[in-house]
Amino acid sequence: MTQRDDRLDGNRFATKAVGSTETERRPHRRGTNDVVPPIHLTTTFEWASGDDANEHDYSRESNPTRAALEDQLARLEGGEHGLAFASGMAAISTTILSLVPPNGHIVAADSLYSGAEKLLTELAAGHFGVDIDFVDARDPDTVAAAVDSDTDLVWVETPSNPLIRLYDIRSIAEITDDHDIPLGVDSTFGSPYFQAPLELGADIVVHSTTKYLNGHSDSIGGAIITDDDAVFEQLAFAQRVGLGNMLSPFDCYLVSRGLKTLPARMEHHEANAIAVARFLENHDRVSCVYYPGLESHPQYELASEQMSGYSGMLSFEFDGSLIELEAFLEGLDVFTPGASLGGVESLVEVPSLMIPDEVSHGEATAEIPETLVRVSVGLEDVNDLRDDLRTALP
């Protein structure tokens, strides 16, 4: 497996994450030599012309704290342009609404976060008349069969939420390149540390910064990174003018702070997740574990080729009734039942119990098993995590 550090030009990933060598762009150090970029809460900036002109004039359009974060995000993904949004869904919806016209056509993987699925089916299709083809994108040929001359965007999420399916970014990118259409990849589960979609041929990478990038469950945000200048101009216009949806300066500061520890956190998340996945795989009340770092995962080889690590997300199917599954949740002490993921604390979610209105039943997208449990493995002592599961599993 190729390490993420070795795929970047110049300084390695951890150095870029800390930002200690950003000598070419340090506008926050002017006059005060701040090591940490300050939080610019101002909504407006004094106007000046000529040599005294300021690159910022109004914080909806640009803000020094947000600009520093967007530059940091772009560097970590190996891209040219970054944009920071108020949520991950804001980043996804901006991509859809900017690049796909009314009555357009999207080909999407059939395993998606429920919010993204609703965005596509209820807003894009239901309100704007966009034709959505959901396909099992684990086989690139199914993507190729669905794409035609009218397709405006191909959208995948890899690894996917909550089924932990993987999609071959490089192969799908070859298909979209042949049709001259953009490929968007939600890489939230992989994080920039373990996956580099732009290097594999994707045109757009989206993250919920709420998750691993911030890493501390105290900020909601989203990000888009792209290498395509024309795509960037469309997305930037939508962010700053068309939709006016951007991340606040304080949240930008929180995400920027979180990014500095991303490499260390992701290594720990992965180590704990592998240990938890192996424990669950050998438990008699678990019928199946979905974790790309297990050789039993059907796409283990793709994960090993496409990612430099397997991250901290896994799902498993509980062998028992929903009543027993509820008892399992109530018996947990270290793991917290709750939504979201990617923070330092370990969380579990049972979609059928906790978000039943958002769970697909297979009409358009992949069916989520009733007893599926999604696990975000945190940074606690791995022995405590295993003991907690051992005690709670009936």
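Data block above holds the structure.
A brief look at the structure comes next. (Residues numbered from 1 in each chain as written. Predicted model: local features only at pLDDT ≥ 70, side-chain atom pairs only at ≥ 80, totals over all residues. Heavy atoms only, no water.)

With that settled, consider the nonpolar core. Judged by nonpolar contacts, the single largest core of 62 residues is most densely connected at Leu280, Tyr291, Leu314, Phe316 and Phe328. Excluding anything up to four places from it in sequence, Phe316 contacts Leu280, Val286, Cys288, Val289, Phe328, Thr371, Leu372, Val373 and Val375. Counting residues in each nonpolar core, the second largest holds 27 residues, with Ala91, Ile92, Ala108 and Phe232 among its members. (Core = buried A, V, L, I, M, F, W, Y, C linked by side-chain atoms within 4.5 Å. Buried < 20%, exposed > 50% of the residue type's maximum accessible area, 1.4 Å probe, protein only. Contact = heavy atoms within 4.5 Å.)

In this chain, Thr158 is followed by Pro159 through a cis amide linkage whose omega measures -10 degrees. Tracing the backbone shows Pro159 in the loop between β4 (153-157) and α6 (169-179). Along the chain, Asn161 connects to Pro162 via a cis peptide bond; the corresponding omega equals 5 degrees. Within the secondary structure, Pro162 is located in the loop between β4 and α6. Phi is positive for Ser217, which is not a glycine, with a value near 55 degrees. The exposure class of Ser217 is partly exposed, given its relative accessible area of 45%. (Helix = DSSP H or I, 4+ residues; strand = E, 2+ residues; numbered from the N terminus.)

With that settled, the discussion passes to the layout of surface pockets. Counted as a void, the largest pocket has a volume near 560 Å³. What lines the largest pocket is a set of 38 residues, and nearest its centre among them are Tyr113, Ser114, Asn161, Lys211 and Arg374. Of all the secondary-structure elements, those providing two or more residues to the lining of the largest pocket are α3 (88-99), α4 (114-128) and β6 (204-208). Here the residues of the lining of the largest pocket are counted per class, giving 17 nonpolar, 13 polar and eight charged. (1 Å grid on protein atoms, 1.4 Å probe; cavity = no way out; pocket = protein on both sides within 12 Å on 5 of 7 lines; lining within 4 Å. Points joined across faces, edges and corners; volume = space filled by probe spheres on them. Nonpolar A, V, L, I, M, F, W, Y, C, P; charged D, E, K, R; others polar.)

Before going further, it helps to examine a negative patch on the surface. The grouping of Glu80, Asp227, Asp229 and Glu233 at the surface amounts to a negative patch. Looking at the element boundaries, Asp229 is found in helix α8 (residues 229-242). (Patch = residues over 30% accessible without salt bridge, like charges linked within 9 Å, V, L, I, M, F, W, Y side chains within 5 Å. Areas by Shrake-Rupley, 256 points an atom, 1.4 Å probe, with all protein chains shown as cover. Salt bridge = Lys/Arg side-chain N within 4 Å of Asp/Glu carboxyl O. Lys, Arg positive; Asp, Glu negative; His and termini not counted. Charge placed at Lys NZ, Arg CZ, Asp CG, Glu CD.)

Reading across from one edge, β1-β7-β6-β5-β4-β2-β3 is the order of the seven strands in this open sheet, with mixed pairing throughout. Of all strands in the sheet, those with a lone pairing partner are β1 (81-85) and β3 (131-135), marking the two edges. On average, adjacent strands in this sheet sit at an angle of 20 degrees to one another, irrespective of strand direction. Judged from the four bridges that link them, β4 and strand β5 (residues 183-186) form a sheet pairing that is parallel. In the strand pairing of β5, Glu157 is matched with Asp186. Against the sheet, α3 engages β1, β2 (105-109), β4, β5, β6 and β7 (222-226), with an angle of about 150 degrees to β6. The sheet strands contacting α8 are β1, β6 and β7, and the helix crosses β1 at an angle near 25 degrees. (Pairing = 2+ DSSP bridges. Axes fitted to C-alpha atoms, helices over the stretch in contact; angles between N-to-C directions.)

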